[in-house]
Amino acid sequence: MKKLLLLFVAVLQFMTASAYDLQDDKGIQYNIKGDGTLEVVGLASWTTVADILSDVTIWGKKYEVTSIGAWAFEGREDITYLSIPWTVKSIGEYAFIFCGSSMTVNIADPECWCQMKLGNEHSSPLSSAGRVLVHDIETTTIDIPETVTAIENFTFYQCRKITSLNIPGTVTSIGSSAFEDCSG
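Please read all numbers here as calculations on a predicted model, not as lab measurements.

Novice: Would you explain the pairing of strand 11 (residues 129-134) in this entry?
Specialist: Remember that side chains alternate between the two faces of the sheet whenever the strand is regular. Here strand 9 (residues 103-107) runs beside strand 11; their pairing, made up of five bridges, is parallel. Following the sheet pairing, Ile107 is matched in strand 11 by Val134. Hairpin remark: strand 11 followed by strand 12 (residues 137-138), antiparallel, with two residues in the connecting loop; positive phi at His135, about 55°.

Structural data, given as structure tokens:
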């Protein structure tokens with residue numbers, strides 16, 4: 001009886017961990033948050049492209065995408081492209097742990113990226129980036145806009161594809177590990 005109960009608990013944990021509320025036609029999986037916005041929680045196994053849009057219409061209802069959840073892309077070494085819109089304000093813990101290093105990461109807005117709340121050092125997709133794009137243009141240089149006053153924790157953690165970063169004098173605060181292990 002004890003073994004059967006343990007098996008049931010293990011199956012229940014697996015089902016809970018992989019559950020999602022909605023999936024769009026590109027295979028991006030979402031949960032609806034309490035405020036009516038969407039959080040990306042995964043990507044269908046049949047796709048390797050995570051082109052996250054700022055808003056998604058599902059069943060005739062429009063939802064804004066505001067976060068990427070903890071563990072959302074964990075272990076997905078096969079992801080080839082990730083686009084993060086300006087509406088995403090936070091990325092949860094371990095969202096990009098054990099992802100490959102060949103992913104192309106497209107950041108919609110450097111200002112929003114610098115203000116993004118990242119859960120920990122494994123939250124930044126830039127550590128898995130083989131290529132970095134800003135506004136769909138490949139770059140090795142990021143110009144942080146003068147509207148930015150703070151760079152958050154882990155923002156460029158292990159980002160090896162950016163070789164030049166222009167920080168304006170308006171930046172008065174740089175968060176913990178924001179540039180840790182940036183060998184580029």
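What follows picks up the thread again.
Novice: Explain the pattern of salt bridges to me, please; I cannot follow it from the model alone.
Specialist: For side chains bearing opposite charge, pairing can occur when the charged atoms are close. Scanning the model with the defined rule gives four salt bridges in all. Notably, a salt bridge pairs Glu152 with Lys117, separated by 3.2 Å at the nearest N-O pair. Placement of the pair is Glu152 in the loop between strand 14 (150-151) and strand 15 (164-166) and Lys117 in strand 10 (residues 117-118), with a sequence separation of 35 residues. By relative accessible area, Glu152 is classed as partly exposed at 21%. The salt bridge involving Arg131 is made with Glu138; its shortest N-O contact spans 3.2 Å. Judged by its relative accessible area of 36%, Arg131 falls in the partly exposed class. Taking the relative accessible area as the measure of exposure, Glu138 reaches 48% and is therefore partly exposed.

Novice: For this particular structure, what's the right way to read the packing of aromatic side chains?
Specialist: How two aromatic rings sit relative to each other is given by the distance of their centres and the angle of their planes. According to the stated counting rule, one finds four aromatic pairs in the structure shown. An angle of 80° between the planes, with centres 6.4 Å apart, marks the rings of Phe154 and Tyr157 as edge-to-face. Side by side, Phe154 and Tyr157 carry an identical accessibility label, which is buried. Between Phe156 and Phe179, the ring centres sit 5.6 Å apart and the planes meet at 5°, which makes this aromatic pair stacked. With Phe156 in the loop between strand 14 and strand 15 and Phe179 in the segment after strand 16 (173-174), the pair connects residues that are 23 residues apart, well separated along the chain. The class of Phe179 is partly exposed, set by a relative accessible area of 29%. Stacked on the ring of Tyr63, the Lys or Arg Lys61 has its end atom at 5.3 Å from the ring centre.

Novice: I'm lost on the environment of Gln23 in this one. Help?
Specialist: Within the element layout of this structure, Gln23 appears in strand 1 (residues 22-23). A relative accessible area of 30% places Gln23 in the partly exposed class. Taking the C-alpha atoms as reference points, Gln23 and Ile79, separated by 56 residues in sequence, lie 17 Å from one another. If we ignore the near neighbours within four places in the chain, the residues touching Gln23 are Ile28, Gln29, Ala44 and Trp46. One polar contact links Gln23 to Tyr20, side chain to side chain, over a distance of 3.2 Å. A distance of 3.0 Å separates polar atoms of two side chains, one belonging to Gln23 and the other to Gln29.

Novice: Which parts of the structure should I look at to understand the pairing of strand 5 (residues 55-58)?
Specialist: Burial along strand 5 is one-sided: the residues Val56 and Ile58 are buried and none of Asp55 and Thr57 is. Where strand 5 folds back on strand 6 (residues 61-68), the antiparallel hairpin that results is connected by two residues, among which Trp59 adopts a positive phi of roughly 55°.

Novice: I would appreciate a short explanation of the sheet that holds strand 4 (residues 49-51) in the present structure.
Specialist: Two modes of strand pairing occur in sheets, parallel and antiparallel, and in both the strands are linked by backbone hydrogen bonds. Pairing in this open sheet of five strands is mixed, and the strands run 4-7-9-11-12 from one edge to the other. Because the sheet does not close on itself, it has two edges, and the strands there are strand 4 and strand 12. Where strand 7 (residues 81-84) lies against strand 9, four bridges are found, and the strand directions are parallel. Counted as the bridge partner of Leu82 is Val105 from strand 9.

Each value, and the rule that gives it
- Residues numbered from 1 in each chain as written.
- Predicted model: local features only at pLDDT ≥ 70, side-chain atom pairs only at ≥ 80, totals over all residues.
- Heavy atoms only, no water.
- Pairing = 2+ DSSP bridges.
- Helix = DSSP H or I, 4+ residues; strand = E, 2+ residues; numbered from the N terminus.
- Salt bridge = Lys/Arg side-chain N within 4 Å of Asp/Glu carboxyl O.
- Buried < 20%, exposed > 50% of the residue type's maximum accessible area, 1.4 Å probe, protein only.
- Phe/Tyr/Trp six-rings, centres within 6.5 Å; stacked < 30°, edge-to-face > 60°.
- Lys NZ or Arg CZ within 6 Å of the ring centre and 35° of its normal.
- Contact = heavy atoms within 4.5 Å.
- Polar contact = N/O pair within 3.5 Å; in protein donor to acceptor, adjacent residues only side chain to side chain.

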